[in-house]
Amino acid sequence: MKWIEVERSSGLNGTVKIPGSKNSSLALLAAACLSDEPVRLAGIPEIADFKVICQIAEDIGIQMYRESTGLVYIDPRHIHSASIDPRKSSMFRTAYYFVGALLAKCGKVSVGYPGGDDFVKRPIDQHIKAFESMGAAFTYHQDYYEAEARELKGADIYFDTITSGATINSILAAVRAKGQTVLRNAARDPEVVDTAIMLNQMGARITGAGTDTIRIEGVRNLRGCTYTVIPDRLIAGAFLISAGVTGGSVTVEDVIPEHLNSCIAKLKEIGLHIETTPNTITAQSTGALRATRVRTAMYPGFATDLQQPLTALLTQAPGKSIVSDRIYPKRFNHVYQLRRMGADIDLRAGTAFIKGGAPLRGNLVHATDIRAGICLLLAGLAADGKTSITGIQHFERGYEHIVEDFRSLGAKIGQHDSNDGNKELLQITRS
Ligand SMILES: CC(=O)N[C@H]1[C@@H](OP(=O)(O)OP(=O)(O)OC[C@H]2O[C@@H](n3ccc(=O)[nH]c3=O)[C@H](O)[C@@H]2O)O[C@H](CO)[C@@H](O)[C@@H]1O
Ligand SMILES: C=C(OP(=O)(O)O)C(=O)O
């Protein structure tokens, strides 16, 4: 068993380079499979989902590997089947992008139901609705589902709810469909725009990405390209928050500051001093934190993936804070763990009521998903004593070298493995 151990660390200080976005990488890797020629992607992080995608790619005849330069090479010219092992595809959520990417090419795709972060139900009804409007038929089995279409046809699709996953997946399907597709009430997330820019470089004809109406004119062929994934705004946000939690000053480098506008606004409200340059953001503690109210919303609103780390910060801000998650109202597993560390948080109907300012104490806590994990890590940096966080597999879905990055800022943090002889924590867990 592996775990991360964190100790109270005051005044984190320094600069962290932000890697490529996980959520964009997952979309771009799928988009590359639409190509008729090899594609090279720069900035794909070495995270757990990428490793599974490489295994799936090998199974179905796509060459996908990291070159010595760090770029990921994808050659989709020899796909022999789009029948994807459900045991692999259900290990992460975006295996559903294989449907969008391979349906036009292969006519039939079978894939496991979405896995990924296990905080709530992750519906795919809007994906299915979009594909059905384009002419696909679905069959559902116990462990997997199949999508079939002799020919995908452009369609006018109105999403009943704004969803980044279904927007991206519909773009993927529409790029090689016959005729024009219009997506209405589309997500405006940077990851949607990133996918559209790359596909346009490959010869797709997509306009309007970044607005709520996206038009896609189907094309017959797509060429290869070399493309760099956008920086991970969610990792960047968590590092900025760490400046507030520890009373320090943290600069995130290689970011697109506009992607973090809603996060920056909240951090200023809470009392941090923020400075930006075209590719950096610095968050500096002013010594005082103020309670606030946060409601998550789809981009450009405050990201649901940042509400957990922000909650850790708000446990330190004297007064009453209120955090509501409108995207995933049940995404509050981190709160039960924060309470084990002494946080005073009440949960009611998709909202956390935080009485901030109570001292936190280290404890053994469990990360149930990526963002719950980073929340507990941040709380551990502010807590008296040691905090041991299990559920490392979730960190591995989102972060390449989280321990090293926090250590470089001065955090007292380490990763442990019971196989390396440290049995102490294992005993605590079992008792
Ligand atoms: C890999 C990736 O990009 N993951 C992100 C993506 O997930 P994901 O793509 O799952 O999230 P969506 O944007 O699709 O979901 C947004 C909202 O739409 C709902 N919905 C979604 C699809 C659907 O068919 N029906 C439906 O009702 C969801 O329950 C949720 O309430 O956006 C989430 C919301 O910003 C983030 O937390 C995830 O980190
Ligand atoms: C929920 C997340 O990821 P996924 O959608 O891949 O499970 C996340 O990145 O916080």
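What counts as what
Residues numbered from 1 in each chain as written. Chains lettered and ligands numbered in written order. Predicted model: local features only at pLDDT ≥ 70, side-chain atom pairs only at ≥ 80, totals over all residues. Pairing = 2+ DSSP bridges. Helix = DSSP H or I, 4+ residues; strand = E, 2+ residues; numbered from the N terminus. Axes fitted to C-alpha atoms, helices over the stretch in contact; angles between N-to-C directions. Domains from an automatic or database assignment. Contact = placed C-beta atoms within 7 Å. Nonpolar A, V, L, I, M, F, W, Y, C, P; charged D, E, K, R; others polar. Buried ≥ 20, exposed ≤ 12 C-beta atoms within 10 Å, placed from the backbone. Core = buried A, V, L, I, M, F, W, Y, C linked by C-beta atoms within 7 Å. Near = placed C-beta within 6 Å.

Remarks on the sheet that holds strand β18 (residues 319–324)
- Reading across from one edge, β17-β18-β20-β19 is the order of the 4 strands in this open sheet, with mixed pairing throughout. The open sheet has two free edges, formed respectively by β17 (293–295) and β19 (344–348), since each of these has just one partner strand. Looking at each pair of strands side by side, their axes are set apart by 15° on average, direction ignored.
- Two elements, β19 and strand β20 (residues 351–356), share 5 bridges in a ladder whose sense is antiparallel. Residue pairing for β20: Asp346 is matched across the bridge by Phe353.

Overview of the domain arrangement of the protein chain
- When its domains are assigned, the protein chain resolves into domain 1 (2–19 + 231–430) and domain 2 (22–228).
- Using only C-alpha atoms to locate each centre, domain 1 and domain 2 end up separated by 30 Å.
- Facing 19 residues of domain 1, the contacting portion of domain 2 comprises 16 residues.
- Top contributing element to the side of domain 1 that touches domain 2 by residue count: helix α13 (residues 392–398), with 4 residues.
- The class makeup of the residues in the side of domain 1 that touches domain 2 is 6 nonpolar, 5 polar and 8 charged.

Observations regarding the environment of Glu67
- Position of Glu67 relative to the elements: it lies in the loop between β4 (63–66) and β5 (72–75).
- On the basis of neighbour counts, which here come to 9 C-beta atoms within 10 Å, the residue Glu67 falls in the exposed class.
- Separated by 199 residues in the primary sequence, Glu67 and Lys266 place their C-alpha atoms 40 Å from one another.

Description of the nonpolar core
- Residues Ala30, Ala31, Phe98, Leu103, Ile171 and Leu172 are the most contacted members of the largest nonpolar core, which totals 74 residues.
- Setting aside its immediate chain neighbours within four residues, Leu103 contacts Val109, Ala136, Ala147, Ala149, Leu152 and Ala173.
- Membership of the second largest hydrophobic core comes to 66 residues, among which are Trp3, Ala238, Leu314 and Leu376.

Describing the site of ligand 1
- With respect to spatial proximity, 22 residues lie near ligand 1, and among them Asn23, Gln126, Thr163, Ser164 and Gly165 are the closest.
- Elements with a minimum of two residues in the shell around ligand 1: α1 (22–32), α5 (125–133) and α6 (164–175).
- Taken together, the residues of the shell around ligand 1 sort by class into 8 nonpolar, 9 polar and 5 charged.
- The residue makeup of the shell around ligand 1 includes at least three contributed by each of domain 1 (2–19 + 231–430) and domain 2 (22–228).

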